[in-house]
Amino acid sequence: MNNTYYGKLIFELSKKGRVGYSLPKNEFATYSTTQLPDHLLRKSGTILPEADEQTVVRHYTNMSNNNFGVDTGFYPLGSCTMKYNPKINEEMAALPAFSALHPTQPASTAQGALKVYYNVQQMLSELTGLSEFTLNPYAGAHGELTGLMIISTYHQKRGDLKRKKIIIPDSAHGTNPASAAVCGLEVVEVKSLENGRVDVEALKPLLSDEVAGMMMTNPNTLGLFETEIPEITRLVHECGGLMYYDGANLNPLLGVCRPGDMGFDVMHLNLHKTFSTPHGGGGPGAGPVGVRKGLEEYLPSPHVRKNDAGQFYLDYDANSLGSISSFLGNFTVILKAYAFLLSAGREHFKLMGPLAVLNANYIKEALKDVYELPIEGLCKHEFVFNGLKDKSTHVTTLDIAKRLLDYGFHAPTIYFPLLFHEALMIEPTETESKDTLDSFIATMRTIAEEAAQQPNVVKTAPHHTPTKRMDDVKAVKEPHLTYKSYTA
Amino acid sequence: MSKVVEGLYYTESHEYVKVEGNIGYVGITDYAQSQLGNVVYVDMPEVDDEVTAGEEFGAVESVKAASDLISPVSGTVIEINEALEDAPELVNEDAYANWIMKVELSDPSELENLLDAKAYEAICQ
Amino acid sequence: MNYKYFPHTEDDIREMLQVCGVEDLEGLYAELPDSVKLGRDYRLPDAKSEIEVRREFEALGKENTPLVCFAGAGVYDHYTPAVINYVTQRSEFLTSYTPYQAEISQGTLQYIFEYQTLMADLTGMSISNASMYDGATATAEAMMMAMASVKKADRILISATLNPAVIRVTQTYAHFHGVNLIVIPEKNGVTDFDFMKSELEKGGVAGVIVGQPNYYGIIEDLSGIAELCHQNKALLIMNCPASTLAVLRTPGEWGADIAVGDGQSLGLPMNYGGPYVGYFCTTEALIRKMPGRIVGGTTDSDGKRTFVLTMQAREQHIRRQKATSNICTNQGMMTLFVTMYMSLMGPQGLKEVNEQSYAGAHYLHDELLKTGKFADAFPGQPFFNEFCVRTDTDIEQMQGKLLAEGILGGIRLTSEGKKDCILFAVTEKRTKAEIDKMVSLIKEA
């Protein structure tokens, strides 16, 4: 990363007459779009830039230098599992034998691709204790929606049409209630106890024959294992509902505990979290969805299966909930995850959870004398501080996050979960070394000292990044959403 | 300390209604605007919309938060505060002067269910 | 342990456990009830070295057959300039998260801002979001947005001439979201205008969804549709393959309120169906109903022009169940991909790609008709880079023969009454020699 701000836009580099492409000579020049009826043709001008190849390459290279990635440094972003993204994955996923396949080509000519789907489905089933997986959902939230559609379909097929309520803890990721709303379900919130766990007593009165199911993240967004999970699943099943597992936080359980064994019926997981595929500045991800035995037929279409002759084929089950994607999801992301599954194998998956948990607890214990730890005890992959212990400095969580940028660290997730005012949610992942954690801990202590002695340095941070703090209010009130608004 | 005005009716969700005859001026309280921070957008109903006490009629938005507006009263919207379309920050400047909608009350007895200044002040402590 | 993605030494682990006050790694899970613990090894294959991983992928690759592609149906075999794969692999882009910390994410924020500008320009709309998953889910989101934007309406009309994959996904979302989605029938390959008009005039329609060019490759004459929608308080939603908009009349020019579709045709590899990028553009008036992330320009405290995620109060992490959509992760890198593509191609390049695709498709069309084995499925309809022909030939046998020669010879339609139809698509990557070879193989069959 380069701390000098680049800041140009491609439109500002455009010069009439330059080209950045080369194409073969048109072999069919007797045909032209000018032969189309005039009113079907585009009349407006365009802002598309005219730039030569090197100008384009330098522009995006310079732009990338103002970006911080996992390859730049420590990225302790809570609930995002920013682990190392292996490079072999990228190379394998880009092989032309995979990238040149058209989605409609016959299955007989894509057996290698379909085998990857099948193998990944099988391996995810073993890792989670569920029966069958679809890899079609494009992202975690898309997986949640698909999972909720499966739950709704299950009730609809049984003619149980009044189950429209979905119970969601107040600590849940925002996508949970949002996905429920897209799925046409009514959100019922259940409160957390002082110890950060779901309040089983508060849950009981919410259960009825109108409940479709309950969504849970375990460990929850405070990084705490929901120890009452056997009782919770029992109660929800008893009332006829299904249990949904939000797999955003699956990483710490690898090697130790499986959602299927906890009693969950449906789950999603994020290949771009637990299975090492890169986040790509916001995507593409993949949110495979798994179901327990008995729910397989409801999975979205198409679904990859293997016949008795060992051939892979696409199945369109009549009981399927329908299609949720054009085809089979983000194939390339699945290829990357497959490379990771092969590389980690039996021996290393079992250590992934424990090492991630060790890293999180280590940071927590080393900092809890200066940062406020609202809930004591073992955490799993992440934990939440409620700002500095010493509140008299008026240095906020936002200030701490911004000051961390100055020291070459990405900030933790801030102001989430909403249970605490100054939430600072830290997730280190298992790919970070003790040395990295020690330097992060030392920096967090330095910031705490700065907050006490020269709070202004922290309150006006960052100082050494490509840009200073942004005016978020201005961005909304005087919106510039395309370049045209700068030239108008 | 947030300002609470005597003579208005308040809700626990931090809306107020100022009543003149059978007309109510509905807005958010000074406490609500201070909690939200810089208001950047007010989503208002349309004139002639029916609103119901206890139900949503719009939303106020700051940069990092958004809050639904719950109507303290039932009735018909007869005017909205158009000034807020271009200058939502007026809500921050004076929440009580800058009401959001003007409602013709259909059931003035609903006012009895609302909080008075003293009771509202207590919940803002 | 000795795994290249785990940096911990035995000593590290011991020291760290001590700080945590725990005996061993198992002790970190002391609070878990025994009943939920796995208590055994995973039944997974043994870990593979990098050489072995590579070997496995190479073996799997050999079980796929790359084909000379004459298939389209929303996914087109356009050329990807070399620099795109090269630059998009830069790990500063690839290994970053959503740009929540704007001070160290200007790279991501700037290319999204460029992407929004380019997509808005291409579609002729005023604003764009930072992407959706694919063209189909973007269309489903547009349907839900129309429902949320138009008061006292409970129906959406969708044209039967749209890509069936888009219709299928939209129907799934409609079923669960509680939208009454009505399919407008097809008439000679285009949307049945009279049916649409009568449905709109019944009232209660929040939006009308049409495709352009449609599934059959036909460029529909949408004259009067936007006006008809607006007279009846409905939004016009258009789904268009992105690249064609460099030449064809844009959704903005047709008067659409929302433009959605797939950006795959902007040089994205076919990748067996994904990742692609769904684009979503609309008018300023509808911005607060728009799903997904938006990047906007602002200034930092030094007054420099900078970029941030903005209008976030619409999104799930703030509004939860009241959000305009549940989308969080989008197609990030693919927006960089198509942004670079558009920057390299420029106005002339993008036009030329479409010219060549159009010309190749029309050449193939005429050559096929000359064989005497084909007739237009929809006579007289103008088409772009894809067309639909009808034949008495045994299609399965013909496509099998082409496949044996390494050619993906179009897509056979599966809908009732159209099983004797094939859809052919041509891009600038297809040579005259390839087209002639396919036609002569068909002629011999």
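Cut-offs applied
All residue numbers refer to position in the chain's written sequence, counted from 1. A letter from A marks each chain and a number from 1 marks each ligand, given out in the order of writing. Given that the model is predicted, a residue must reach a pLDDT of at least 70 before its local features are reported, and side-chain atom pairs must reach 80 or more before they are shown or counted; all residues, however, enter totals for whole chains, interfaces and linings. Strands are runs of DSSP state E lasting at least 2 residues, helices are runs of H or I lasting at least 4, and numbering of each runs from the N terminus. Here the globule rule is a power law, 2.2 Å times the number of residues to the power 0.38, and the radius of gyration is based on C-alpha atoms. Here, residue contact means that the backbone-derived C-beta atoms of the two residues sit within 7 Å. Residue burial here comes from a neighbour count, namely the number of other C-beta atoms, placed from the backbone, that lie within 10 Å of the residue's own C-beta, with 20 or more meaning buried, 12 or fewer meaning exposed, and in between meaning partly exposed. In this description, a line fitted to the C-alpha atoms serves as the axis of each element, helices being fitted only across the stretch in contact, and the angle between N-to-C directions of two axes falls anywhere from 0 to 180 degrees. In what follows, roughly perpendicular refers to angles from 65 to 115 degrees, roughly parallel to angles under 35, roughly antiparallel to angles over 145, and oblique to any angle outside these ranges. Left-handed describes a crossing whose near helix is turned anticlockwise from the far helix by less than a right angle; the clockwise case is right-handed. Three classes are used, and their members are as follows: Ala, Val, Leu, Ile, Met, Phe, Trp, Tyr, Cys and Pro are nonpolar, Asp, Glu, Lys and Arg are charged, and the others, Gly among them, are polar. We treat two strands as partners when DSSP finds at least two bridges between them. Multiplying one less than the number of residues by 1.5 Å gives the expected span of a helix. Here the bend at a residue means the angle between the axes of two seven-residue stretches, the one that ends at it and the one that starts at it. Put simply, a nonpolar core is buried Ala, Val, Leu, Ile, Met, Phe, Trp, Tyr and Cys residues tied into one set by C-beta atoms within 7 Å. Residue ranges assigned to the domains are those given by an automatic or database domain assignment. For every residue, the predictor assigns a confidence score, pLDDT, that lies between 0 and 100.

**Here's the deal with the overall build of chain B**
Part 1: Counting its regular elements, chain B contains four helices and nine strands.
Part 2: Sequence-ordered secondary structure for chain B, helices as α and strands as β, is β-β-β-α-β-β-β-β-β-α-α-β-α.
Part 3: A compact globule built from 125 residues should have a C-alpha radius of gyration of about 14 Å, and chain B, at 13 Å, falls within 12% of that.
Part 4: Taking the principal axes of the C-alpha coordinates as reference, chain B spans close to 35 × 35 × 20 Å.
Part 5: Long-range pairs, those at least 24 residues apart, make up 63% of the contacts in chain B with a sequence separation of at least 6.

**Observations concerning the overall build of chain C**
Part 1: Of the regular secondary structure elements, chain C holds 14 helices and 17 strands.
Part 2: Counting only C-alpha atoms, chain C reaches 80 × 55 × 50 Å along its principal axes.
Part 3: Residues classed as buried in chain C amount to 60% of the 445 residues present.
Part 4: Restricting the contact set of chain C to residue pairs at least 6 apart, pairs at least 24 apart contribute 73%.

**What about the packing of helix α1 (residues 53-64) of chain A against helix α12 (residues 332-370) of chain C?**
Helix-helix packing: each pair is described by the crossing angle between the helix axes and the interaxial distance.
Part 1: As a packed pair, α1 of chain A and α12 of chain C sit with axes 9 Å apart at the nearest point and diverge in direction by 155 degrees. For the element pair α1 of chain A / α12 of chain C, the angle class is roughly antiparallel. Relative to α12 of chain C, the crossing made by α1 of chain A is right-handed. Residues Glu 53, Val 56 and Tyr 60 of chain A of α1 of chain A lie in contact with α12 of chain C, whose contacting residues are Met 340, Ser 343 and Leu 344 of chain C.
Part 2: Residue composition of the contact of α1 of chain A with α12 of chain C, grouped by class: four nonpolar, one polar and one charged.

**Considering the sheet that holds strand β6 (residues 266-269) of chain A**
All names here are of chain A.
Part 1: Across the sheet, seven strands lie side by side as β1-β7-β6-β5-β4-β2-β3; this open sheet has mixed pairing. A single partner strand is all that each edge strand has here, and the edge strands are β1 (132-134) and β3 (186-190). Recorded for the sheet is a direction-independent mean angle of 25 degrees between the axes of neighbouring strands.
Part 2: One ladder, built from three bridges, connects β1 with strand β7 (residues 289-291); its direction is antiparallel. Paired with Phe 133 across the bridge in β7 is Gly 290.
Part 3: Contacts from helix α6 (residues 175-182) reach β2 (165-169), β3, β4 (211-216) and β5 (242-247) within the one sheet, and its direction differs from that of β2 by about 170 degrees.

**Here's the deal with unusual backbone geometry**
For residues besides glycine, phi is generally negative; the peptide bonds are generally trans as well.
Part 1: The omega torsion of the bond from Asn 218 of chain A to Pro 219 of chain A falls at 0 degrees, within 30 degrees of zero and hence cis.
Part 2: Here Pro 219 of chain A is to be found in the loop between β4 and α8 (229-238).
Part 3: Cis geometry is found at the peptide bond from Gly 274 of chain C to Pro 275 of chain C, where omega equals 5 degrees.
Part 4: Tracing the backbone shows Pro 275 of chain C in the loop between β9 (258-262) and β10 (278-282).

**Re the interface of chain C and chain B**
Part 1: Taken together, the six residues of chain C in the interface contact six residues of chain B.
Part 2: A class-by-class count of the residues in the side of chain C that touches chain B yields two nonpolar, one polar and three charged.

**Digging into the interface of chain C and chain A**
Interfaces are often sized by the accessible area lost when the parts come together.
Part 1: Taken together, the 170 residues of chain C in the interface contact 175 residues of chain A.
Part 2: Looking at which element gives the most residues to the side of chain C that touches chain A, the answer is α12 of chain C, with 23 residues.
Part 3: Among the residues making up the side of chain C that touches chain A, the classes are represented as 80 nonpolar, 58 polar and 32 charged.

**Some remarks on helix α10 (residues 331-367) of chain A**
All names here are of chain A.
Part 1: Between its terminal C-alpha atoms α10 stretches only 41 Å, short of the 54 Å expected from 37 residues at 1.5 Å a residue.
Part 2: Of all the bends in α10, the greatest measures close to 90 degrees and is centred on Gly 345.
Part 3: The buried fraction of α10 amounts to 31 of the 37 residues, a majority that puts the element mostly inside the structure.

**Things to note about the pairing of strand β7 (residues 205-211) of chain C**
Residue and element names in this part refer to chain C.
Part 1: Here β7 lies mainly inside the structure; seven of its seven residues are buried.
Part 2: Pairing geometry for strand β3 (residues 155-159) and β7, over four bridges, is parallel. Bridge pairing in β7 links Ile 156 to Gly 207.
Part 3: Relative to strand β8 (residues 235-239), β7 runs parallel, the two sharing five bridges. For Gly 207, the partnering residue across the bridge sits in β8 and is Leu 235.

**Here we look at the sheet that holds strand β8 (residues 75-80) of chain B**
Residues and elements named next belong to chain B.
Part 1: Sheet architecture is open: six strands sit in the order β1-β2-β3-β9-β8-β5, paired in antiparallel fashion. Taken across any chain shown, the strands that pair with only one partner, and hence form the sheet edges, are β1 (9-10) and β5 (50-51).
Part 2: Examined bridge by bridge, β5 and β8 share two bridges and lie antiparallel to one another. Paired with Val 51 across the two strands is Gly 75, which belongs to β8.

**Some thoughts on the nonpolar core**
Part 1: Ranked by size, the top nonpolar core spans 339 residues in total, and within it Tyr 244 and Ile 334 of chain A together with Met 143, Ile 156 and Ile 237 of chain C carry the most contacts.
Part 2: The element that contributes the greatest number of residues to this core is α10 of chain A, accounting for 22 residues.
Part 3: With residues up to four places along the chain from it excluded, the contact list for Ile 156 of chain C reads Met 143, Ala 146, Met 147, Ala 174, Val 179, Leu 181, Ala 206, Gly 207 and Ile 209 of chain C.

**Remarks on the domain arrangement of chain C**
Part 1: Segmenting chain C into domains produces domain 1 (10-54), domain 2 (68-77 + 347-444) and domain 3 (82-340).
Part 2: Using C-alpha coordinates to define each centre, domain 1 of chain C is positioned 56 Å away from domain 2 of chain C.

**Digging into the pairing of β8 of chain B**
Part 1: Bridge count between β8 of chain B and strand β9 (residues 101-105) of chain B: five bridges; the pairing is antiparallel. Residue pairing across strands places Val 77 of chain B opposite Val 103 of chain B, the latter belonging to β9 of chain B.

**Considerations on the packing of helix α5 (residues 106-123) of chain C against α12 of chain C**
All names here are of chain C.
Part 1: Between α5 and α12, the shortest axis-to-axis distance is 9 Å and the interhelical angle comes to 60 degrees. On the basis of the axis angle, α5 is oblique to α12. Crossing hand, α5 versus α12: left-handed. Between α5 and α12, the contacting residues are Tyr 111, Ile 112, Glu 114, Tyr 115 and Leu 118 on the first element and Thr 335, Leu 336, Val 338, Thr 339 and Met 342 on the second.

**Digging into the environment of Leu 84 of chain B**
Residue and element names in this part refer to chain B.
Part 1: Inspection of the secondary structure assignment puts Leu 84 in helix α2 (residues 83-86).
Part 2: Along the primary structure Leu 84 and Val 42 are separated by 42 residues, whereas in three dimensions their C-alpha atoms are 6.8 Å apart.
Part 3: Those residues in contact with Leu 84 that lie beyond four places of it in its chain are Val 42, Met 44, Leu 90, Val 91, Asn 98 and Ile 100.

**Concerning the confidence of the model for chain B**
Part 1: Of all residues in chain B, 99% attain a pLDDT of 70 or more, and the chain-wide mean is 91.
Part 2: The secondary structure element of chain B with the lowest average pLDDT is strand β7 (residues 66-70) of chain B, at 89, and the one with the highest is β9 of chain B, at 95.

**Description of the environment of Asp 77 of chain C**
Part 1: Tracing the sequence through the fold places Asp 77 of chain C in the loop between β1 (68-69) and α3 (82-88).
Part 2: In this structure, Asp 77 of chain C is in contact with His 102 of chain A together with Cys 69, Met 270, Thr 427 and Lys 429 of chain C, ignoring residues within four places of it in sequence.

**Observations regarding the confidence of the model for chain C**
Part 1: Here chain C shows a mean pLDDT of 96. Residues at 70 or above account for 100%.
Part 2: Overall fold confidence (pTM) sits at 0.96, and the ipTM for the predicted complex is 0.97.

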